[in-house]
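These are the residues of each chain, in order.
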Amino acid sequence: MTATLFRPAWSDAFAAGVLPKVRPIPPLDNITPEWAWGGSTGAGVEVAILDSGIEANHPAVGKVQRYLTIHEEADGFIYDEQPHDDAFGHGTACAGIIRSIAPQCSLTSVKVLGPDLTGRGAMFIAGLRWVIESGAQVCNLSLSSSHAEFFGQLQQLTDSAYFKHLPLVCAPHNLPLPSYPSLFGVVLSVAASEERDPERLAYNPDPPVEFGAPGIDVEVAWRNGGTLTVTGNSFAAPHVSGLVARLLSKHPGLTVFQIKTVLRALATNVARDQLNGGEQ
Amino acid sequence: VTANDLHLELILRTATRAIPAPAGILLLVDHPRRRLNVEVVVGDSLQDFSNTPLLLDEGIAGMVALSGQPIAVACTRGDYAHANDLTERIGYAPQTILAVPVTAANGRVIGVLELFDRQGPPTFGMDDMTLLGMFAQHVAFTLDQRRQESAFPAADEKMAALTDQLTAIAGSSDAGFRLCQGVLGAVSTFINGEGVRP
């Protein structure tokens, strides 16, 4: 038994009394929530959600603009762009959170998990590759893979997304286990915090998981037009996806590292009282 | 019932004590049949379910098995049917559910550990999720050990059959005897951990 088994889960970094204050960066103090996303609805930004599908016309979701289901045939993958449903409710939950923050963003549902799909890493990778080439501006990944065999391919793909300025917003596993791509440096990795305000984020100066967002006892859309109250990192990531959609709608063309810089500057645990004359 | 089976039950019982909950279940993934088989059940309310497999695409447990992501659910509006077909099927409607994947060393999800109806706090929290995840790691170790133990008797049987065949060949001629002596020497070296050298 090694001590690492008893390291706190990623979301524990954001628990009350645990999250450290981080130093402000004075030149970035002009960045305010109003500048970043105030008045923005996410209009004109396409958010892809790799998950179990999205239940279209759910009251909390509304219209889904694009669909993709990946089928595996003997001679390779078939990419089906016909509308699909949500196998479980997980993708619908993510979509509802994103729409609640960025109501006018465009949603693309990429179904890689469901009754006819095994959720295998190969399907996940095929879906991610499709999103990177699709022109989407934000990608929400509340799924991850722990398979070591996919490490290399996923790292290559996440780099590819980074170079295309496509932010991948990822939920890590709740235990400090391998979970790719959520633990890679080029993604926006988000764990659940107790924060209730959907527009308030925390920054963890001790990566790999850099951001905390609401994900504890969150009411979300679920199957058959229903709702559930849920807890998990899966539901923290869509909060950041929604905010990034609004940010990109207002400031098109920001790169992934610029987006991270903005989110870090707006984090609730930046010690802003140190800005003027305080310790730097 | 093997020691490992008892150990699995002990893990689940301990989990329901450490994270107070009246019921819990360990489901194992049967990938070829695309279903979840009930391995261990704790709590009177789930006993009727002990022999009923779940389809892999059903409810919270199926979602956790396929996604590998843990989740805690509070069915605060009587909407448990959306959350867990497993319990609805036997007339047990939990208000809160915590489900974590059991992940093998190679990263494959091999099971799901679930607790129902948190006692004390109104819902399962992140600490509960982390703790149940640790129990799930113990389940994974135990299942791996059980798999290895069940594999060895089969290997022993095959080895005994091979020895019988070699003995028959060895008795047939001097050349056969020398051949078998060489084969058994190589097998012995391999089993003793020195590997096979050219």
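The residue numbers shown here count from 1 along each chain, following its written sequence. Lettering for chains starts from A, numbering for ligands starts from 1, and both go in the order in which the items are written. The predicted origin of the model limits local features to residues at a pLDDT of at least 70 and limits the giving and counting of side-chain atom pairs to 80 or more, whereas totals for whole chains, interfaces and linings rest on all residues. Side-chain measures were taken over the full set of non-hydrogen atoms in the model, leaving aside hydrogen atoms and water.

Q: Any chance you could explain the interface of chain B and chain A here in plain terms?
A: Size of an interface: often given as the accessible area lost when the parts come together. Whether two residues touch is decided by their heavy atoms; if any such pair falls within 4.5 Å, the residues are in contact. On the chain A side, the residues contacting the 38 residues of chain B number 45 residues. For the pair chain B and chain A, the two sides together bury roughly 3100 Å², of which 58% comes from carbon and sulfur. Put simply, a salt bridge is a Lys or Arg side-chain nitrogen that is within 4 Å of an Asp or Glu carboxyl oxygen. The interface formed by chain B and chain A contains zero salt bridges. We define a polar contact as two N or O atoms separated by no more than 3.5 Å, with the added condition that, inside protein, one atom must be a possible hydrogen donor and the other a possible acceptor, whereas residues neighbouring each other in sequence contribute only through side-chain atom pairs. Summed over the shared surface of chain B and chain A, the number is five residue pairs in polar contact (both at pLDDT 80 or more). For helices the rule is a DSSP run of H or I covering at least 4 residues; for strands it is a run of E covering at least 2, with both sets numbered from the N terminus onward. Listing elements by their share of the side of chain B that touches chain A, those giving two or more residues are helix H2 (59-67), strand S4 (71-74), helix H3 (80-83), strand S5 (96-103) and helix H5 (126-170) of chain B. Among the elements that take part in the side of chain B that touches chain A, H5 of chain B stands out by supplying eight residues, more than any other. By buried area we mean the combined loss of accessible area, with a 1.4 Å probe, across both parts when two parts are placed together.

Q: I tried to follow the environment of Gly253 of chain A on my own but got confused; where do I start?
A: Here Gly253 of chain A shows up in the loop between helix H5 (237-250) and helix H6 (256-265). For Gly253 of chain A and His165 of chain A, which are 88 residues apart along the polypeptide, the C-alpha to C-alpha distance reads 7.9 Å.

Q: Got a minute to help me understand the nonpolar core in this structure?
A: Nonpolar side chains in soluble globular proteins generally cluster together in the buried interior. Judged by nonpolar contacts, the single largest core of 135 residues is most densely connected at Trp222 of chain A together with Ile71 and Leu113 of chain B. Judged by nonpolar contacts, the second largest core, of five residues, contains Trp10, Phe14, Ala191 and Val209 of chain A. Residues belong to a common nonpolar core when they are buried Ala, Val, Leu, Ile, Met, Phe, Trp, Tyr or Cys residues joined through side-chain atoms within 4.5 Å. Remark: exposure states derive from per-residue accessible area (1.4 Å probe, protein chains only) relative to the maximum for the residue type, with buried under 20%, exposed over 50%, and partly exposed in between.

Q: What am I meant to see in the layout of surface pockets here?
A: Any empty space left between atoms is shown by rolling a water-sized probe over those atoms. Residue and element names in this part refer to chain B. Here a cavity is any set of points on a 1 Å grid over the protein atoms alone where a 1.4 Å probe fits but cannot get out, and a pocket is any open set with protein on both sides within 12 Å along at least 5 of 7 lines; a residue lines the site when it has an atom within 4 Å of a point. Grid points are joined across faces, edges and corners, and a volume is the space filled by probe spheres set on the points. If you add up the space inside the largest pocket, you get close to 670 Å³. In this structure, the largest pocket is lined by 31 residues; those nearest its centre are Thr103, Ala104, Ala105, Ile110 and Ala140. Mapped by element, the contributors of at least two residues to the lining of the largest pocket are strand S1 (23-30), S5 and H5. Of all the elements, H5 adds the most residues to the lining of the largest pocket, at ten residues. Amino acids outside the nonpolar list (Ala, Val, Leu, Ile, Met, Phe, Trp, Tyr, Cys, Pro) and the charged list (Asp, Glu, Lys, Arg) are all regarded as polar, and Gly is one of them. Residues belonging to the lining of the largest pocket are distributed by class as follows: 19 nonpolar, nine polar and three charged.

Q: Can you walk me through the sheet that holds strand S3 (residues 76-80) of chain A in this structure?
A: Residues and elements named next belong to chain A. One requirement defines pairing of two strands: DSSP has to find at least two bridges between them. The strand order S3-S2-S4-S1-S5-S6-S7-S9-S8 describes an open sheet built from nine strands, whose pairing is mixed. Strand pairing shows two members of the sheet lacking a second neighbour, S3 and strand S8 (202-203), which therefore form its edges. Relative to strand S4 (residues 106-111), strand S2 (residues 66-73) runs parallel, the two sharing four bridges. Across the sheet, the residue bridging to Tyr67 is Ser109, located in S4. Together, strand S1 (46-51), S4 and strand S5 (138-141) form the strand contacts of helix H2 (residues 90-101), whose direction differs from that of S1 by roughly 155°. Lines fitted to C-alpha atoms define the axes, with helix axes restricted to the stretch in contact, and inter-axis angles between N-to-C directions lie between 0 and 180 degrees. Packed onto the sheet, helix H3 (residues 121-134) meets S1, S2, S3, S4, S5 and strand S6 (168-170) and runs at close to 140° relative to S2.

Q: Hey, could you run me through the sheet that holds strand S10 (residues 218-221) of chain A in this one?
A: Strands belonging to one sheet form pairs held by backbone hydrogen bonds; the direction of such a pair is parallel or antiparallel. With antiparallel pairing, the eight strands of this open sheet are ordered in space as S10(A)-S11(A)-S4(B)-S5(B)-S6(B)-S1(B)-S2(B)-S3(B). What marks the edges here is a single partner per strand, and that holds for S10 of chain A together with strand S3 (54-55) of chain B. Relative to S5 of chain B, S4 of chain B runs antiparallel, the two being bridged by four bridges. Within S5 of chain B, the position partnered with Ala72 of chain B by the bridge is Leu98 of chain B. Of the strands in this sheet, S1, strand S2 (35-42) and strand S6 (109-116) of chain B touch helix H1 (residues 3-18) of chain B, which is tilted by about 70° from S2 of chain B. Against the sheet, H2 of chain B makes contact with S1, S2, S3, S4, S5 and S6 of chain B, and its axis sits at roughly 145° relative to S6 of chain B, the strand it touches most.

Q: Honestly, the environment of Met129 of chain B in this entry has me stumped. Any pointers?
A: When you line up the elements, Met129 of chain B lands in helix H5. Taking the relative accessible area as the measure of exposure, Met129 of chain B reaches 1% and is therefore buried. Distance in space between the C-alpha atoms of Met129 of chain B and Leu28 of chain B is 19 Å, their sequence separation being 101 residues. Other than its neighbours up to four places away in sequence, Met129 of chain B contacts Asn174, Thr231 and Gly232 of chain A together with Pro70, Ile71, Ala72, Leu98 and Val100 of chain B.

Q: Can you walk me through unusual backbone geometry in this structure?
A: Peptide bonds are mostly trans, and most non-glycine residues show a negative phi. Residues and elements named next belong to chain A. The residue after Tyr180, namely Pro181, is reached through a cis peptide bond having omega 5°. Of note, Pro181 is situated in the loop between S6 and strand S7 (188-193). For the bond from Pro207 to Pro208, the omega torsion is 25°, close enough to zero to count as cis. Tracing the chain through its elements places Pro208 in the loop between S8 and strand S9 (211-214). For Asn57, which is not a glycine, the phi torsion comes out positive at approximately 65°. Judged by relative accessible area, Asn57 falls into the exposed class, the value being 62%. Of note in the backbone geometry, Asn224 takes a positive phi value of approximately 55° without being a glycine. Looking at the element boundaries, Asn224 is found in the loop between S10 and strand S11 (227-231). The exposed category is assigned to Asn224, whose relative accessible area is 57%.

Q: Which parts of the structure should I look at to understand the packing of aromatic side chains?
A: Pairs of aromatic rings are described using the distance from one ring centre to the other and the angle between the two planes. Residue and element names in this part refer to chain A. Two rings from Phe, Tyr or Trp (for Trp, the six-membered ring) form a pair when their centres are within 6.5 Å of each other. A pair whose planes differ by under 30 degrees is stacked, one over 60 is edge-to-face, and the rest are tilted. Evaluated as defined, the whole model comprises five aromatic pairs over all chains. Aromatic side chains Tyr162 and Phe163 sit 6.0 Å apart centroid to centroid with 75° between the ring planes, which places their arrangement in the edge-to-face category. Note on Phe163: relative accessible area 60%, which makes it exposed.

Q: Just checking my understanding: could you explain the packing of H5 of chain A against H6 of chain A for this structure?
A: The relative placement of two packed helices is expressed as an angle between their axes plus a distance between the axes. Residues and elements named next belong to chain A. Here H5 crosses H6 at 110°, and the two axes come no closer than 11 Å. Classified by the angle their axes make, H5 and H6 are roughly perpendicular. Taken as a pair, H5 and H6 cross one another with a handedness that is right-handed. Within the contact between the two elements, H5 uses Val240, Val244, Leu247 and Leu248 and H6 uses Ile259, Val262 and Leu263. Throughout, the term roughly parallel applies to angles under 35 degrees, roughly antiparallel to angles over 145, roughly perpendicular to angles from 65 to 115, and oblique to all others. Crossings are assigned a handedness: left-handed for a near helix turned anticlockwise from the far helix by less than a right angle, right-handed for a clockwise turn.

Q: Before we go on, may I ask you to explain the pattern of salt bridges in this structure?
A: Between side chains of opposite charge, pairing is possible as soon as their charged atoms come close. Throughout the structure, instances matching the rule amount to eleven salt bridges over all chains. When the shortest N-O distance is used, the salt bridge between Arg246 of chain A and Glu199 of chain A registers 2.9 Å. Taken as a pair, Arg246 of chain A in helix H5 and Glu199 of chain A in the loop between S7 and S8 lie far apart in primary sequence, 47 residues in all. Glu199 of chain A gets classed as partly exposed once you look at its relative accessible area, which sits at 35%. Here the residues in one salt-bridge network are Asp5, Glu39 and Arg146 of chain B, joined through shared partners.

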